[in-house]
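The lines below spell out each chain.
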Amino acid sequence: MTDPTTHGPRPKLEIDGASKAYGTFLALQECTFSVAQNEIVSIVGPSGCGKTTLLWCMSGLHGLSGGEIRLDGMPIHKPHRDIGLVFQEANLLPWRNLRRNILFPFEVTGEKPDHDWIAHLLDRVGLTGFEDAMPGALSGGMQQRASIVRALSQHPSVLLMDEPFGALDTFTREEMNRLVEEIWLESKTTIVFITHSIEEAVFLSDRVVVLSGRPGTVAAIHDIDLPRPRTAEVMAGKQVFDLMNAIKGGIAGTRAKAAE
Ligand SMILES: Nc1ncnc2c1ncn2[C@@H]1O[C@H](COP(=O)(O)OP(=O)(O)OP(=O)(O)O)[C@@H](O)[C@H]1O
Ligand SMILES: [Mg+2]
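The structure reproduced in this document is the subject of the present report. (Residues numbered from 1 in each chain as written. Chains lettered and ligands numbered in written order. Predicted model: local features only at pLDDT ≥ 70, side-chain atom pairs only at ≥ 80, totals over all residues. Heavy atoms only, no water.)

## Comments concerning the overall build of the protein chain
Part 1: A count of helical and extended segments in the protein chain gives 8 helices and 10 strands.
Part 2: A compact globule built from 260 residues would reach a C-alpha radius of gyration of about 18 Å, and the protein chain, at 18 Å, matches this within 12%.
Part 3: Overall size of the protein chain, expressed as C-alpha extent along the three principal axes, is 55 × 40 × 40 Å.
Part 4: Looking at the protein chain residue by residue over its 260 residues, the buried ones come to 50%.
Part 5: Across the protein chain, the fraction of contacts at a sequence separation of at least 24, relative to all contacts at a separation of at least 6, is 68%.
Part 6: For the protein chain, the exposed area adds up to about 12,300 Å²; of that, 55% sits on carbon and sulfur atoms. (Helix = DSSP H or I, 4+ residues; strand = E, 2+ residues; numbered from the N terminus. Rg over C-alpha atoms; globule rule 2.2 N^0.38 Å. Buried < 20%, exposed > 50% of the residue type's maximum accessible area, 1.4 Å probe, protein only. Contact = heavy atoms within 4.5 Å. Areas by Shrake-Rupley, 256 points an atom, 1.4 Å probe, with all protein chains shown as cover.)

Printed below as a string of structure tokens:
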């Protein structure tokens, strides 16, 4: 499909003048950017600037007050089976073992699970052998890996992730970042990733969108033109240092503006 305005390939996701008000409070104002197929785009910005609000609107869980969000050219009005979601908390049901947590969405939709694909995903994230474990017996990192398997189990073409590793220690977070990159390189899913960590955003992304607050609106979009896989050497290089400083400076600028 081509984009009628650019005659290039149609973006996977189009955020087109998206605004969201909670009562009289305007949380998002006319956000516009697009996410190409197979792209990883991170969203960063000061706390409360509307990142989670935007992601929920992209997932169809929240309606917009203005503008439109499109998936493959079609407006999103409700949750869509082609969009997987991963939250900051793993949100596993504590009374169900890992397998039954992963199968839960299939019970809700009545869809038949692809057991081979789920077994492959469990293997990919290093959880083979833990299928019968209860969530309480798993570490935070393992629970989050299980929630990624759950989100990918229905073959979504888009994965929306809201600070999925914010609660993990630095070492586990780096491990999880490499895992996301590996899964993405393998599956070529389109990913929108919210984070407070500029390093995480630079490591993972093709582009980083900076939201200013409040109301949240797009302040800048940075291209992350680094080779993949992004090795420790690449991440320690001057290009990454400069990119991180530019993004940090942009966020600090939006904070100062919000405080005026
Ligand atoms: N359900 C709601 N009802 C009313 N106001 C809300 C609701 N959800 C969010 N808000 C407000 O909208 C603004 C944006 O919130 P949101 O959670 O999207 O920010 P955020 O950028 O994700 O913040 P953080 O980085 O802390 O997670 C905040 O001022 C918040 O208080
Ligand atoms: Mg949030």
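Next, the rest of the story.
## Observations concerning the pattern of salt bridges
Part 1: This structure, assessed with the given rule, holds 15 salt bridges.
Part 2: For Asp72, the salt bridge goes to Lys12, with nearest N and O atoms at 3.0 Å. With a gap of 60 residues between them, Asp72 in the loop between β4 (66–71) and β5 (74–75) and Lys12 in the segment before β1 (13–22) connect regions that are remote in the sequence.
Part 3: Residue classification places Lys12 among the buried positions, given a relative accessible area of 5%.
Part 4: Across the pair Glu182 and Arg124 runs a salt bridge, and its minimum N-O distance is 3.5 Å. Of this pair, Glu182 sits in helix α5 (residues 170–187) while Arg124 sits in helix α3 (residues 115–124), and the two are 58 residues apart along the sequence. (Salt bridge = Lys/Arg side-chain N within 4 Å of Asp/Glu carboxyl O.)

## Some remarks on the packing of aromatic side chains
Part 1: Throughout the structure, instances matching the rule amount to 2 aromatic pairs.
Part 2: Here Trp56 and Phe87 contribute two aromatic rings whose centre-to-centre distance is 5.9 Å and whose plane-to-plane angle is 55°, an arrangement assigned as tilted. One end of the pair, Trp56, is in helix α1 (residues 51–59); the other, Phe87, is in the loop between β6 (83–86) and α2 (98–109), with 31 residues separating them in the sequence.
Part 3: Given the relative accessible area of 28%, Trp56 is considered partly exposed.
Part 4: You can call Phe87 partly exposed: its relative accessible area is 22%.
Part 5: Where Phe165 meets Phe193, the ring centres are 6.0 Å apart and the plane angle is 50°; that geometry is what we call tilted. Within this pair, whereas Phe165 is found in the loop between β7 (158–162) and α5, its partner Phe193 is found in strand β8 (residues 190–194), the two being separated by 28 residues in sequence.
Part 6: Here the guanidinium or amino end of Lys188 rests over the ring plane of Trp184, the centre of that ring lying 4.3 Å away. (Phe/Tyr/Trp six-rings, centres within 6.5 Å; stacked < 30°, edge-to-face > 60°. Lys NZ or Arg CZ within 6 Å of the ring centre and 35° of its normal.)

## Comments concerning α5
Part 1: Over its 18 residues, α5 runs 25 Å from end to end, which matches the ideal 26 Å to within 8%, given 1.5 Å per residue.
Part 2: If you check which residues of α5 are buried, you get Thr172, Arg173, Met176, Asn177, Leu179, Val180, Glu181, Ile183 and Trp184.
Part 3: If you check the start of α5, you find a side-chain oxygen 3.2 Å away from the backbone N of Phe171, and it comes from Asp169.
Part 4: Following α5 by one or two positions, Lys188 has its phi on the positive side, about 55°. (Expected span 1.5 Å × (residues − 1). Polar contact = N/O pair within 3.5 Å; in protein donor to acceptor, adjacent residues only side chain to side chain.)

## Re the site of ligand 1
Part 1: Tyr22, Phe25, Ala27, Ser47, Gly48, Cys49, Gly50, Lys51, Thr52, Thr53, Glu163 and His196 make up every residue found near ligand 1.
Part 2: Contact with the protein chains removes 61% of the 630 Å² of surface that ligand 1 exposes when unbound.
Part 3: The leading source of residues in the shell around ligand 1 is α1, at 3 residues.
Part 4: When its residues are assigned to classes, the shell around ligand 1 shows 4 nonpolar, 6 polar and 2 charged. (Near = heavy atom within 4 Å. Nonpolar A, V, L, I, M, F, W, Y, C, P; charged D, E, K, R; others polar.)

## Section: the side chain of Glu200
Part 1: With respect to the helices and strands, Glu200 occurs in helix α6 (residues 198–204).
Part 2: Classification of Glu200 by relative accessible area gives buried; the value is 3%.
Part 3: The contact partners of Glu200, leaving out residues within four places of it in the chain, are Phe165, Arg173, Asn177, Phe193 and Thr195.

## Regarding unusual backbone geometry
The phi torsion of most residues other than glycine is negative, and most of the peptide bonds are trans.
Part 1: Across the junction of Arg214 and Pro215, the peptide omega takes the value 5°, indicating a cis bond.
Part 2: Along the chain, the position of Pro215 falls in the loop between β9 (207–212) and β10 (217–223).
Part 3: The peptide bond linking Arg228 to Pro229 adopts the cis configuration, its omega dihedral lying at -5°.
Part 4: Tracing the backbone through its elements, the reader meets Pro229 in the loop between β10 and α7 (232–235).
Part 5: Positive phi, close to 45°, is recorded for Glu163, a residue that is not glycine.
Part 6: By the secondary structure assignment, Glu163 is in the loop between β7 and α5.
Part 7: With a phi angle near 55°, Lys188 is a residue other than glycine that sits in the positive phi range.
Part 8: Tracing the chain through its elements places Lys188 in the loop between α5 and β8.

By themselves, these figures tell us nothing about what the structure is for.
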